[in-house]
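Okay, here's what each chain looks like letter by letter:
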Amino acid sequence: MSQFDIRKIGGRIGAEVVGVDVRELSGALFGEIQEALLEHKVLGFRGQDLTDEDQIAFAARFGPLTGAHPTVPGADDHREILPVDGEAQRANHWHTDVTFVQAPPKISTLRGLVIPPFGGNTLIANTGAAYRDLPEELRTLADRLWAVHTNDYDYVKRPSSGADPVKAAEHRKAFVSQTWKTAHPVVRVHPESGERNLFIGGFAQSIVGLPPQEGRTLLDLFQRYVTRPENILRWAWAPGDLIVFDNRITQHYASDDYGDLPRLLHRVTAAGDVPVGVDGKQSYRVEGDDASHYTPSAV
């Protein structure tokens, strides 16, 4: 019998893990956490009050860690930690982490340090459920399509209303200091569960073989299925919270609804494999290097 409770938050995505300290998980209990993550896509842990070292150690149990980001510097003392600071960046767009490289991270962990008294929730969507929601004709079409993901697009060029203009400009400059373009299958097969999902999001900017306008129309159509309310978990942060989500089968969004109040999270990610489509073909680089400075999964 498990020593903790797993309580579903939504019918399609998300569960809260109650009665566990992630610093004290045995191998067997961590195995239960992994199984629950595969099932629920995102797990939340309230009041963990971890240090940076604790978060790194927990994330590393999922596999080798990536650097903080391919272009944005990590924390001063820990190259694995990406500070998600509302003064410099507000990721109020739906995305899957770092899909512009060939081997995006498989697991993302986020830890709440400074939380505004209102707003600033993190929304996470189940892209596997979105795929299943597609009419059969659209699923058949999506199975055949490939999308080009890039870090060089309008999102990183627009200042956010609540961010510090100078810090935001510095962040945008770093974000596009090197450009990647990678072709990923629109429908990715999850390497552990075998579940198919819509592997798109904000970094997906075009469809291979289609003119820009037609490709954009299709991506917007598929994205509407991802962001249906029934597919979304909304996590209301408290200081000390930790959430873990499967980056291979989710998208997320940070609500920019807390004005000029401070908000700071720390992100640590575990390295992932190269995505594979329904036809068994792997993602391939279109532009940019192998990102070996960022992820040990570089090919």
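Look a little higher up for the structure.
All of the points below concern the structure found in this document. Each chain has its residues counted from 1, running along the sequence as written. Restriction of local features to residues with pLDDT of at least 70 applies here, the model being predicted, together with a cutoff of 80 or more for giving and counting side-chain atom pairs; totals for whole chains, interfaces and linings are based on all residues. Neither water nor hydrogens contribute to the side-chain values; these are computed over all heavy atoms in the structure.

What follows concerns the pattern of salt bridges. What makes a salt bridge here is a side-chain nitrogen of Lys or Arg within 4 Å of a carboxyl oxygen of Asp or Glu, nothing more. By the definition in use, this model includes 16 salt bridges. Aspartate 97 serves as the salt-bridge partner of arginine 267, at 3.2 Å between the closest nitrogen and oxygen. Within this pair, whereas arginine 267 is found in strand S15 (residues 264–270), its partner aspartate 97 is found in the loop between strand S4 (82–85) and strand S5 (107–114), the two being separated by 170 residues in sequence. Taken as a pair, arginine 267 and aspartate 97 share a single burial class, namely buried. Through salt bridges with shared partners, a single network forms among Arg12, Asp133 and Arg228. A run of H or I in DSSP counts as a helix once it spans at least four residues, and a run of E counts as a strand once it spans at least two, with each numbered from the N terminus. Between buried and exposed lies partly exposed: a residue is buried under 20% and exposed over 50% of the maximum accessible area for its type, with that area taken using a 1.4 Å probe on protein chains only.

Right, let's get into the packing of aromatic side chains. Pairing of aromatic side chains requires ring centres within 6.5 Å, counting the rings of Phe and Tyr and the six-membered ring of Trp. Pairs whose planes differ by under 30 degrees are stacked, by over 60 edge-to-face, and all others tilted. A complete count under the given rule lists eight aromatic pairs for this structure. Where phenylalanine 100 meets phenylalanine 203, the ring centres are 5.1 Å apart and the plane angle is 75 degrees; that geometry is what we call edge-to-face. Of the two residues, phenylalanine 100 is situated in the loop between S4 and S5 and phenylalanine 203 in the loop between strand S10 (196–198) and strand S11 (204–207); the sequence distance between them amounts to 103 residues. Across the pair, exposure class does not vary: phenylalanine 100 and phenylalanine 203 are buried alike. Through pairs of rings, three or more aromatic residues link up here, namely Phe30, Phe45, Phe58 and Phe62. Note that arginine 188 overlies the ring of phenylalanine 199, its terminal NZ or CZ placed 4.9 Å from the centroid. Lysine NZ or arginine CZ positioned within 6 Å of the ring centre and within 35 degrees of the ring normal marks a charge as sitting over the ring.

To continue, consider the sheet that holds strand S2 (residues 15–18). One open sheet holds the seven strands; their spatial order is S1-S2-S3-S13-S5-S15-S4, and the pairing between them is mixed. With partners counted over all chains shown, the strands left at the sheet margins are strand S1 (5–8) and S4, one partner each. Strand-to-strand, the axes of this sheet are offset by a mean angle of 25 degrees, without reference to chain direction. Only strands joined by at least two bridges in the DSSP assignment are considered to pair. As paired strands, S4 and S15 are joined by four bridges and run antiparallel to one another. Bridging across to S15, proline 83 finds its partner in histidine 266. Each of strand S3 (42–45), S5, strand S13 (242–246) and S15 is contacted by helix H2 (residues 52–60), which is oriented at about 30 degrees to S15, the strand it contacts most. Between N-to-C directions, angles span 0 to 180 degrees; the directions come from axes that are lines fitted to C-alpha atoms, helices contributing only their stretch in contact. Whether two residues are in contact is decided by their heavy atoms: any pair within 4.5 Å suffices.

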